[in-house]
Amino acid sequence: MITCKFFKENGYFEKFLITGHSMYARKGKDIVCAAVSVIAQHTARYLLKNGASVKIKDGYLDVKNISHDNISQIFVNELIDTLKDLEEQYPKYLKLEVSNDEN
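This one's a predicted model, so the numbers in the text were calculated from it and none came from an experiment.

(A) Here's a closer look at the overall build of the protein chain. When you go through the protein chain residue by residue, the secondary structure sums to 2 helices and 5 strands. In the protein chain, the succession of α and β elements from N to C terminus is β-β-α-β-β-α-β. For a compact globule of 103 residues, the expected C-alpha radius of gyration is about 13 Å, and the protein chain comes in at 13 Å, within 12% of that figure. Scored against the burial criterion, the 103 residues of the protein chain give a buried share of 30%. Pairs at least 24 residues apart make up 56% of the contacts formed inside the protein chain by residues separated by at least 6 positions. Carbon together with sulfur atoms contributes 50% to the accessible area of the protein chain, which is approximately 6,300 Å² in total. Treating the 14 positive side-chain charges of the protein chain as one cloud and the 14 negative ones as another, the clouds have centres 10 Å apart.

Below you can see the structure in the form of structure tokens.
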């Protein structure tokens, strides 16, 4: 299962961590993994250009120090919305968690 954890502090997304493998299908045929990888790496690439720290390896994406600027925050919100859509379609293969500092 792919686990996606997002952390929000003082009204801003500060970091997120995506780990695991969906195991929906074998490597190279896994549409869940491909969808998560493409949208998450697209977002991470933009955030990296705006000063975020990004670590990527097999089954692991860690993004920290996300800028508080409007566009960076929109990118993260759109990533979450897309992952929610995928989680609804493939609940056995993807889990999304969003932690607010109010929680």
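(B) Focus on the layout of surface pockets. Within this model, the largest pocket holds a volume of roughly 450 Å³. Around the largest pocket sit 23 residues that line it, and His 21, Cys 33, Ser 37, Asp 58 and Gly 59 are the ones nearest its centre. Broken down by secondary-structure element, the contributors of at least two residues to the lining of the largest pocket are strand E2 (12-19), helix H1 (31-49), strand E3 (53-57) and strand E4 (60-64). The element that contributes the greatest number of residues to the lining of the largest pocket is H1, accounting for 5 residues.

(C) The pattern of salt bridges, seen in detail. Enumeration over the complete set of coordinates arrives at 2 salt bridges. One salt bridge connects Lys 64 with Asp 62, and the closest N-O pair in it is separated by 3.6 Å. Since its relative accessible area comes to 36%, Lys 64 is described here as partly exposed.

(D) Examining helix H2 (residues 70-89) more closely. Given a rise of 1.5 Å per residue, 20 residues ought to cover 28 Å, and the 29 Å separating the end C-alpha atoms of H2 matches this to within 8%. Buried positions along H2 lie against strand E1 (2-9), E2, H1 and strand E5 (94-100). Its side-chain oxygen placed 3.1 Å from the backbone nitrogen of Ile 71, Asp 69 serves as the N-cap of H2.

(E) Structural view of the packing of H1 against H2. Across the interface, H1 lies against H2 with an axial gap of 10 Å and an inter-helix angle of 175°. It follows that H1 is roughly antiparallel to H2 by the angle criterion. Of the residues in H2, those touching H1 at Ala 35, Val 36, Ile 39, Ala 40, His 42, Thr 43, Tyr 46 and Leu 47 are Ile 71, Ser 72, Phe 75, Val 76, Leu 79, Thr 82, Leu 83 and Leu 86. Its residues placed into classes, the contact of H1 with H2 shows 12 nonpolar, 4 polar and no charged.

(F) A look at the environment of Val 98. For Val 98, the location among the structural elements is in strand E5. Assessed through its relative accessible area of 32%, Val 98 is described here as partly exposed. In sequence terms Val 98 and Phe 6 are 92 residues apart; their C-alpha atoms lie 4.7 Å from each other.

(G) View of the packing of aromatic side chains. Across all of its chains, the model carries 5 aromatic pairs by this definition. Ring geometry for Tyr 24 versus Tyr 93: centroids 5.2 Å apart, planes at 85°, classification edge-to-face. You can see Tyr 24 sitting in the loop between E2 and H1 and its partner Tyr 93 sitting in the loop between H2 and E5, a full 69 residues away along the chain. Classification of Tyr 24 by relative accessible area gives partly exposed; the value is 35%.

Calculation notes
Residues numbered from 1 in each chain as written. Predicted model: local features only at pLDDT ≥ 70, side-chain atom pairs only at ≥ 80, totals over all residues. Heavy atoms only, no water. Helix = DSSP H or I, 4+ residues; strand = E, 2+ residues; numbered from the N terminus. Rg over C-alpha atoms; globule rule 2.2 N^0.38 Å. Buried < 20%, exposed > 50% of the residue type's maximum accessible area, 1.4 Å probe, protein only. Contact = heavy atoms within 4.5 Å. Areas by Shrake-Rupley, 256 points an atom, 1.4 Å probe, with all protein chains shown as cover. Lys, Arg positive; Asp, Glu negative; His and termini not counted. Charge placed at Lys NZ, Arg CZ, Asp CG, Glu CD. 1 Å grid on protein atoms, 1.4 Å probe; cavity = no way out; pocket = protein on both sides within 12 Å on 5 of 7 lines; lining within 4 Å. Points joined across faces, edges and corners; volume = space filled by probe spheres on them. Salt bridge = Lys/Arg side-chain N within 4 Å of Asp/Glu carboxyl O. Expected span 1.5 Å × (residues − 1). Polar contact = N/O pair within 3.5 Å; in protein donor to acceptor, adjacent residues only side chain to side chain. Axes fitted to C-alpha atoms, helices over the stretch in contact; angles between N-to-C directions. Parallel < 35°, antiparallel > 145°, perpendicular 65-115°, else oblique. Nonpolar A, V, L, I, M, F, W, Y, C, P; charged D, E, K, R; others polar. Phe/Tyr/Trp six-rings, centres within 6.5 Å; stacked < 30°, edge-to-face > 60°.

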